[in-house]
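Notes for the structure review
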Amino acid sequence: MVLVGLTSLGLLGVGAGWAVERHRASQPSAKNFERALAALFAKHRRDDGHMHYVGFQAKHVEFCLALPMYPEPDARSKVRYPLAWHMDFREGESNASRSQQLKQLDALTGAGLLAKVDLPAAGDAAKRVARYRLTSKGWAASNWKVQSPCLVFGYQHSPLVTRFERKQTAGLPAGDWYEVVGTVGAGPIEDVAEWARSAEVRSAFPEIARQLAGVPFQILFKWDGKQWVDAQTFVLRQNGPQGEGNADTPPQPEPAVDEKTKRERDQLRKLAPPTVDEVKSILSTTYGEQQKRRSSLECIALPQADSSWLPVDKELTPWTPNRGYGRYEFAIFTNKSRPAYDRVWKRTLPYLEMLHSLGVMTKRSQQGMSGKGAEANVQFDADVYELAPPFSTAVDPELSHCLPLGKPTVEFVAVELSEPEHASVPQSYVRYKLRIRYKARPSWAKEPQVAGWEEVQNALQHGRACDGHFHFDRRERILMGGGGSCWWAFDSYAENG
């Protein structure tokens, strides 16, 4: 009986403490309204309709600057992947909108987020264009959205209530409504990104000054018996399904965890989460000099049959693993009837003619060559292309249709780790941005013919860009259950032409 009595007193104490706390929370005060506003903004952040990386749900609203893509540049890259895109603007041609656009681009260039180079205009060497492209610093400052990325300069601070007053508003249910007025923004200038603090950037992008000053808000709140609720949510509740829970019921403890889950959770908690250095080491064994097996990321891709990038009509010599080609040669049929969209004619042939003019490939004519597949019994006239010496011996013997660029080196742009707070079992997630560089130029790339081969020169100068998002297995210390991709960090003709 004594034990039961003590237990009852304990429960009574818990209930009384909860009631006191609820009474304090129900009082109209700047502190209570700021808590309600923070919860309201967090709810809108969860319901913003954007896809978030698993394990990386945003804790704060990002403030970012969209890259000034409009008015449309005079010329632009076909690809819009980070580091690969560029925009060209003719010099001396401007209006008010274009002047503001260039002011913003120049401000971002001065901050190191963009690079600007002066180039001759395509088709008219007498005219010049200014070309802008993203830098590694700019990519690091960009958010992680696949579509419409922008440059993050700060995060939303907790809302600041400047005043509140009781008010009855027509159209709302009777009761004590409070009009809450305040501001929300990026906080003091010390809390925004360093690159966004310069006078040049803030002058070019008024949005930064607006968020630093704080954006005013005015919201109506009402105490519903257990929390402060904004007018919109309150009305929706009145017209729709009632929310779960009861204002007169103290909060209940979390449901019990089964023994198997508890053991797994306890075991995982004893295992260390990943460190940035550990993740970098794993990524280096995947992409860099320490990679366990070679990949086509080390290569300049050559034209090949059935390629989605640079297809040819017929390959004339087979490729054998670990032995390569006897001679790497293929045919383009010159008298074949083709549709207007034929990729051999539209994409591969101009590329081959460029390589032939540079002396990288040789070409000879041949008649009476049989087709392949459904055209195996058809005879065609053909131009036969073959790599010229010394390139013919440079084809990789392990990777088909590949001129190797040498050992890759990884440059990390951003690596982020996350451990979701409310997961029942400890979880770790990783996302990253990196570049692959080719610093030791292979002997074939030193030949004078290669000086005019833009695809190779750009590959050696800019390398590739890669990003990814994975779950980290704490037991095996590996990345799993995610995905990553790589692309040339320039407007590659082979990939995007």
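Refer to the structure presented above.
Residues numbered from 1 in each chain as written. Predicted model: local features only at pLDDT ≥ 70, side-chain atom pairs only at ≥ 80, totals over all residues. Heavy atoms only, no water.

Quick word on the overall build of the protein chain
Within the protein chain, the regular secondary structure consists of twelve helices and 24 strands. Burial status across the protein chain gives 41% buried among its 497 residues. Counted over contacts in the protein chain with a minimum sequence separation of 6, partners at least 24 positions apart contribute 67%. Approximately 27600 Å² of the protein chain is accessible, and the part contributed by carbon and sulfur atoms is 53%. (Helix = DSSP H or I, 4+ residues; strand = E, 2+ residues; numbered from the N terminus. Buried < 20%, exposed > 50% of the residue type's maximum accessible area, 1.4 Å probe, protein only. Contact = heavy atoms within 4.5 Å. Areas by Shrake-Rupley, 256 points an atom, 1.4 Å probe, with all protein chains shown as cover.)

Overview of helix α8 (residues 259–270)
Its twelve residues give α8 an end-to-end C-alpha distance of 17 Å, which sits within 8% of 16 Å, the value for a rise of 1.5 Å per residue. Taken together, the buried positions of α8 are Thr 261, Arg 265 and Leu 268. An end-on view of α8 places all buried positions within 65° of arc, on one side of the element. Summarising the geometry of α8, the exposed residues directed more than 90 degrees from the buried face are Glu 259, Lys 260 and Lys 270. (Expected span 1.5 Å × (residues − 1). Arc of directions from axis to C-beta.)

Topic: the nonpolar core
A general tendency of soluble globular proteins is for nonpolar side chains to be buried together. Counting 48 residues, the largest nonpolar core has Ile 300, Met 361, Trp 444 and Trp 453 as its most contacted members. At five residues, the largest contribution of residues to this core is made by helix α10 (residues 343–358). In contact with Trp 444, not counting residues within four places along its chain, are Ile 300, Phe 391, Ala 394, Leu 403, Pro 404, Leu 405, Val 450, Trp 453 and Val 456. Among the nonpolar cores identified, the runner-up in size contains 36 residues, and Val 79, Leu 113, Ala 196 and Val 413 belong to it. (Core = buried A, V, L, I, M, F, W, Y, C linked by side-chain atoms within 4.5 Å.)

Here we look at unusual backbone geometry
With omega at 5°, the peptide bond leading from Tyr 70 into Pro 71 counts as cis. Within the element layout of this structure, Pro 71 appears in the loop between β1 (62–66) and β2 (75–76). In this structure, Pro 390 follows Pro 389 across a cis peptide bond, with omega equal to 5°. Checked against the element boundaries, Pro 390 lands in the loop between β19 (379–387) and β20 (402–404). The phi torsion at His 401 lies on the positive side, around 50°, for a residue other than glycine. Residue position: His 401 is located in the loop between β19 and β20. Residue class for His 401 comes out buried when judged on its relative accessible area of 8%. Positive phi is not limited to glycine here, since Arg 477 has a value of about 60°. With respect to the helices and strands, Arg 477 occurs in the loop between β23 (464–473) and β24 (478–488).

A few points about the pattern of salt bridges
Tallied over the entire structure, the rule returns 28 salt bridges. Two residues, Glu 278 and Arg 477, come together in a salt bridge whose shortest N-O distance is 2.9 Å. Of this pair, Glu 278 sits in helix α9 (residues 276–287) while Arg 477 sits in the loop between β23 and β24; the two residues are 199 residues apart in sequence, bridging distant segments of the chain. Judged by relative accessible area, which is 22%, Glu 278 ranks as partly exposed. Exposure remark for Arg 477: the relative accessible area of 25% places this residue in the partly exposed category. (Salt bridge = Lys/Arg side-chain N within 4 Å of Asp/Glu carboxyl O.)

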